[in-house]
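Each chain, written out:
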Amino acid sequence: MARLFVISGPSGAGKGTLIRGVLEVSPELARVARSATTRTMRPGEVDGREYFFLSADEFDRRVGVGEFEEHVEFAGNRYGTLKSEIDGLLAGGQSVILELEVDGSLVIKERRPDAVLIFIDCPTDDLHRRLVARQTEMAGEIADRLRIADEQAQHKGAFDHVVVNEEVNRAVHELLTTMERELECS
Ligand code: 5GP
């Protein structure tokens with residue numbers, strides 16, 4: 001049976017890297033659903049691939065017509081999970097991965113109790129180092145994201161699984177086996 005996986009954890013914990021790693025090993029395991037956001041596009045990002053990049057007005061309009069399963073404000077920008085992305089993939093028999101911050105993940109669990117919530121954790125020193133190294137955030141934004149990371153870590157207990165990303169290959173393997181086990185028992 002197709003499952004809905006929600007992968008969360010602090011900014012810089014390596015959620016994207018681990019998801020890509022899992023799908024490289026097992027491309028048919030699941031598809032990543034695209035979210036909508038009002039944040040500025042980063043170099044290399046493509047509208048409709050990483051995200052649907054929307055103006056604040058367009059985001060509001062879509063909230064108004066009920067297009068989002070959940071939506072949040074995060075570090076000064078808005079992000080939302082599109083119902084159409086989740087339902088389209090699940091209806092086609094395809095498992096879905098959502099990559100969300102913690103509050104949105106908990107909303108999804110409330111609305112869809114069958115969703116499998118996986119928290120990607122990582123030591124704070126590593127978080128800081130990775131956020132600086134990826135050069136996509138300004139210094140103030142990094143401080144913001146580290147503060148949010150502390151807050152978000154307090155909700156780890158609400159997740160079905162925690163994967164610690166200290167060594168990428170090991171973490172990819174752990175994430176993959178966790179997802180495979182969930183698919184086997186569904
Ligand atoms: P970034 O700006 O680094 O792409 O994403 C910032 C944070 O927003 C990340 O933790 C990411 O997982 C989260 N995020 C991305 N899309 C959504 C969404 O649709 N809903 C929620 N709640 N969080 C999202």
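Just above, that's the structure.
Remember, it's a predicted structure, so these values are computed and weren't measured experimentally.

S.K.: Explain the nonpolar core here, please?
M.R.: What tends to happen in soluble globular proteins is that the nonpolar side chains get buried as a cluster. In terms of nonpolar packing, the biggest core is built from 26 residues, with Ile-97, Ile-118, Ile-120, Leu-175 and Met-179 touching the most fellow members. Those elements that provide at least two residues to this core are strand 1 (4-8), helix 1 (15-25), strand 8 (116-121), helix 5 (124-134), helix 6 (139-153) and helix 7 (168-184). Looking at which element gives the most residues to this core, the answer is helix 7, with 6 residues.

S.K.: I keep staring at the packing of aromatic side chains and nothing clicks. Help me out?
M.R.: Centre-to-centre distance and the angle between the planes together describe a pair of aromatic rings. One pass over the full model with this rule turns up 5 aromatic pairs. Ring plane angle 80 degrees and centroid distance 6.0 Å describe the contact between Phe-74 and Tyr-79, whose orientation is recorded as edge-to-face. Per residue, the accessibility class of Phe-74 equals that of Tyr-79, and both read buried. Put simply, the rings of Tyr-51, Phe-53, Phe-74 and Tyr-79 pair up and form one aromatic cluster.

S.K.: Sorry if this is basic, but what is going on with the site of the ligand here?
M.R.: Taken together, 16 residues are adjacent to the ligand, and Ser-35, Arg-39, Tyr-51, Glu-70 and Tyr-79 come closest. Within the backbone of Gly-80, an N or O atom sits 3.1 Å from an oxygen atom of the ligand. Within the contact set of the ligand, an oxygen atom lies 3.2 Å away from a backbone nitrogen or oxygen of Thr-81. Protein contact buries 96% of the 510 Å² of open area that the ligand shows by itself. Within the shell around the ligand, the residues separate by chemical class into 5 nonpolar, 4 polar and 7 charged.

Conventions used here
- Residues numbered from 1 in each chain as written.
- Predicted model: local features only at pLDDT ≥ 70, side-chain atom pairs only at ≥ 80, totals over all residues.
- Heavy atoms only, no water.
- Core = buried A, V, L, I, M, F, W, Y, C linked by side-chain atoms within 4.5 Å.
- Buried < 20%, exposed > 50% of the residue type's maximum accessible area, 1.4 Å probe, protein only.
- Helix = DSSP H or I, 4+ residues; strand = E, 2+ residues; numbered from the N terminus.
- Phe/Tyr/Trp six-rings, centres within 6.5 Å; stacked < 30°, edge-to-face > 60°.
- Near = heavy atom within 4 Å.
- Polar contact = N/O pair within 3.5 Å; in protein donor to acceptor, adjacent residues only side chain to side chain.
- Areas by Shrake-Rupley, 256 points an atom, 1.4 Å probe, with all protein chains shown as cover.
- Nonpolar A, V, L, I, M, F, W, Y, C, P; charged D, E, K, R; others polar.

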